[in-house]
Amino acid sequence: AGFILFGRDFENRTPETLKAFLSECQAAAALPLLIGVDEEGGTVTRVSGREAFRAEKFRSPQAVYAAGGWEELARDTSAKDKLLLSLGINVNLSPVVDVSSNSSDFIYARSFGQDAVQTAQYAAAVVRQMNEDGIGSVLKHFPGYGNNEDTHTGVVFDERPLTVFRESDFKPFAAAIQAGADTVLVSHNVVLCMDDEYPASLSPAVHRLLREELEFEGVAMTDDLAMGAVTQFGTQAPVMAIKAGSDLLITSDLPKQYATVLAAVESGEIPAERLDEAVGRVLRWKRSIGIWKP
């Protein structure tokens, strides 16, 4: 499918050298690559956090909205899109549509900081602007992060009832899906009311909710499968994710996890039908953002 760039990929590079590198990657690929990055604004600014790429970091969605409301959010989103596209980056892993209005929540600083209704309005507005600009969007982090701790460092259990998700967390995802969102990133939280055994990213039950209740037909993507919350599953995590319903995997442990997936495909553990379904969705995403024409 493609690559995700982390902060280290921008170190010791200029816009010109990065663009040249990504052009070489595209030229070497049989099909055009998805090239993604986390450029949320605020605390997560892989690109604009480096002076070589932008004089100032993009502000958080909360700060942008406070400064100029919906019009400023549209302008800010468009500015991000134009910068990334100018570098050869065609996917922004954004927006964060988790509902959080408590400043003590881990996810608060990255969220819109408002209730479900306002967050839904934000999510739809950002997705519409990204679609207009021709860049891929990724909704984070399904089924909703809530007040949970950081899954980068260990297992997190979400004890909230399903009614809370339906009355709050699902609303921004539903609004953004209706607005034409390309991709939904599934978190590593263990959401006990949905699946008390597996993290959401590895859970068939969570993926069924995304497909059936929210009627999402696009790409389901995992969070990084090398994060602390899924290390207990070892190299089997990517196989479990695909079998659960994920179409696209993020991993910073590529050699080991790729080999495991390949072996599972060759043995038939991952059925050809599941693989074809996932590949089909990824190809439709490439077509929808204009990087691939069959």
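Summarised in this report is the structure supplied together with it.

### Some remarks on the environment of Trp292
Thinking step 1. With respect to the element layout, Trp292 can be found in the segment after helix 8 (272-288).
Thinking step 2. Taking the C-alpha atoms as reference, Trp292 lies 18 Å from Glu277; in sequence the two are 15 residues apart.
Thinking step 3. Every residue in contact with Trp292, bar those within four places of it in the chain, is listed here: Leu31, Pro32, Leu283, Lys286 and Arg287.

### Points about the layout of surface pockets
Thinking step 1. Empty space within the largest pocket amounts to approximately 1100 Å³.
Thinking step 2. Together, 36 residues line the largest pocket, and Ala1, Gly2, Leu248, Leu249 and Leu254 are the ones closest to its centre.
Thinking step 3. Elements with a minimum of two residues in the lining of the largest pocket: strand 1 (2-5), strand 2 (34-37), strand 11 (248-250), helix 7 (254-267) and helix 8.
Thinking step 4. The element that contributes the greatest number of residues to the lining of the largest pocket is helix 8, accounting for seven residues.
Thinking step 5. Residue composition of the lining of the largest pocket, by class: 26 nonpolar, six polar and four charged.

### Digging into the side chain of Arg281
Thinking step 1. Within the secondary structure, Arg281 sits in helix 8.
Thinking step 2. Arg281 gets classed as buried once you look at its relative accessible area, which sits at 13%.
Thinking step 3. Separated by 2.9 Å, the side chains of Arg281 and Asp247 make a polar contact.
Thinking step 4. Aside from chain neighbours lying at most four places away, what touches Arg281 is Arg211, Glu217, Gly218, Val219, Asp247 and Arg274.

### With respect to helix 7
Thinking step 1. Taking 1.5 Å of rise per residue, 14 residues should cover 20 Å, and helix 7 covers 20 Å from first to last C-alpha, within 8% of that figure.
Thinking step 2. Buried-residue contacts for helix 7 involve helix 6 (237-244) and strand 11.

### Section: the nonpolar core
What tends to happen in soluble globular proteins is that the nonpolar side chains get buried as a cluster.
Thinking step 1. Counting residues in each nonpolar core, the largest one holds 24 residues, and the members touching the most others are Leu139, Phe142, Phe170, Phe173, Val184, Met194 and Leu210.
Thinking step 2. For this core, the elements supplying multiple residues, two or more each, are helix 3 (116-133), strand 6 (136-142), helix 4 (162-178), strand 8 (183-186) and helix 5 (204-213).
Thinking step 3. It is helix 4 that provides the largest number of residues to this core, a total of five residues.
Thinking step 4. Core analysis: the next-biggest nonpolar cluster, separate from the first, contains 22 residues, Leu84, Ile89, Tyr122 and Ile135 among them.

### Here we look at the sheet that holds strand 8
Thinking step 1. Judged by pairing direction, the sheet is parallel, and its seven strands sit side by side in the order 1-2-5-6-8-10-11 without closing on themselves. Only two strands of the sheet have a single partner each, and these edge strands are strand 1 and strand 11.
Thinking step 2. Bridge count for strand 6 against strand 8 is three bridges, and the pairing is parallel. Among the inter-strand pairings, Val138 is bridged to a residue of strand 8, identified as Thr183.

### Points about the packing of helix 3 against helix 4
Thinking step 1. Packing of helix 3 against helix 4 leaves a shortest axis separation of 7 Å and a crossing angle of 20°. In terms of orientation, helix 3 and helix 4 fall into the roughly parallel class. The interaxial crossing formed by helix 3 with helix 4 has right-handed handedness. For the pair helix 3 and helix 4, contact is made by Ala116, Thr119, Ala120, Ala123, Ala124 and Val127 and by Glu167, Ser168, Lys171, Pro172, Ala175 and Ala176, respectively.
Thinking step 2. Split by residue class, the contact of helix 3 with helix 4 holds eight nonpolar, two polar and two charged.

### Some words on the environment of Arg50
Thinking step 1. With respect to the helices and strands, the residue Arg50 is situated in the loop between strand 4 (44-45) and helix 2 (61-87).
Thinking step 2. Among the residues examined, Arg50 registers a relative accessible area of 24% and is labelled partly exposed.
Thinking step 3. C-alpha of Arg50 to C-alpha of Leu162: the two residues are 112 residues apart in sequence and 41 Å apart in space.
Thinking step 4. With sequence-adjacent residues up to four places away left out, Arg50 is seen in contact with Gly7, Arg8, Phe10, Glu11 and Thr45.
Thinking step 5. Within the structure, Arg50 has its side chain in polar contact with the backbone oxygen of Gly7 (distance 3.3 Å).

### Observations regarding the packing of aromatic side chains
Thinking step 1. For the coordinates displayed, the defined rule picks out 10 aromatic pairs.
Thinking step 2. Ring centres of Phe142 and Phe173 lie 5.2 Å apart, and the angle between their planes is 90°; this geometry places the pair in the edge-to-face category. Within this pair, whereas Phe142 is found in strand 6, its partner Phe173 is found in helix 4, the two being separated by 31 residues in sequence.
Thinking step 3. Since its relative accessible area comes to 0%, Phe142 is described here as buried.
Thinking step 4. A relative accessible area of 0% places Phe173 in the buried class.
Thinking step 5. Taking 6.1 Å as the distance between ring centres and 45° as the angle between the ring planes, the aromatic pair formed by Phe165 and Phe170 counts as tilted. Across this residue pair, the class does not change: Phe165 and Phe170 are buried.
Thinking step 6. Every member of this aromatic cluster is reached through a ring pair, and the members are Tyr65, Trp70, Phe112 and Tyr122.
Thinking step 7. A cation sits over an aromatic face here: Lys80 above Phe58, 6.0 Å from the ring centre.
Thinking step 8. The cationic tip of Arg160 hangs over the ring face of Phe165; the distance from NZ or CZ to the ring centre is 4.4 Å.

Calculation criteria
- Residues numbered from 1 in each chain as written.
- Predicted model: local features only at pLDDT ≥ 70, side-chain atom pairs only at ≥ 80, totals over all residues.
- Heavy atoms only, no water.
- Helix = DSSP H or I, 4+ residues; strand = E, 2+ residues; numbered from the N terminus.
- Contact = heavy atoms within 4.5 Å.
- 1 Å grid on protein atoms, 1.4 Å probe; cavity = no way out; pocket = protein on both sides within 12 Å on 5 of 7 lines; lining within 4 Å.
- Points joined across faces, edges and corners; volume = space filled by probe spheres on them.
- Nonpolar A, V, L, I, M, F, W, Y, C, P; charged D, E, K, R; others polar.
- Buried < 20%, exposed > 50% of the residue type's maximum accessible area, 1.4 Å probe, protein only.
- Polar contact = N/O pair within 3.5 Å; in protein donor to acceptor, adjacent residues only side chain to side chain.
- Expected span 1.5 Å × (residues − 1).
- Core = buried A, V, L, I, M, F, W, Y, C linked by side-chain atoms within 4.5 Å.
- Pairing = 2+ DSSP bridges.
- Axes fitted to C-alpha atoms, helices over the stretch in contact; angles between N-to-C directions.
- Parallel < 35°, antiparallel > 145°, perpendicular 65-115°, else oblique.
- Left-handed = near helix turned anticlockwise from the far one by under 90°.
- Phe/Tyr/Trp six-rings, centres within 6.5 Å; stacked < 30°, edge-to-face > 60°.
- Lys NZ or Arg CZ within 6 Å of the ring centre and 35° of its normal.

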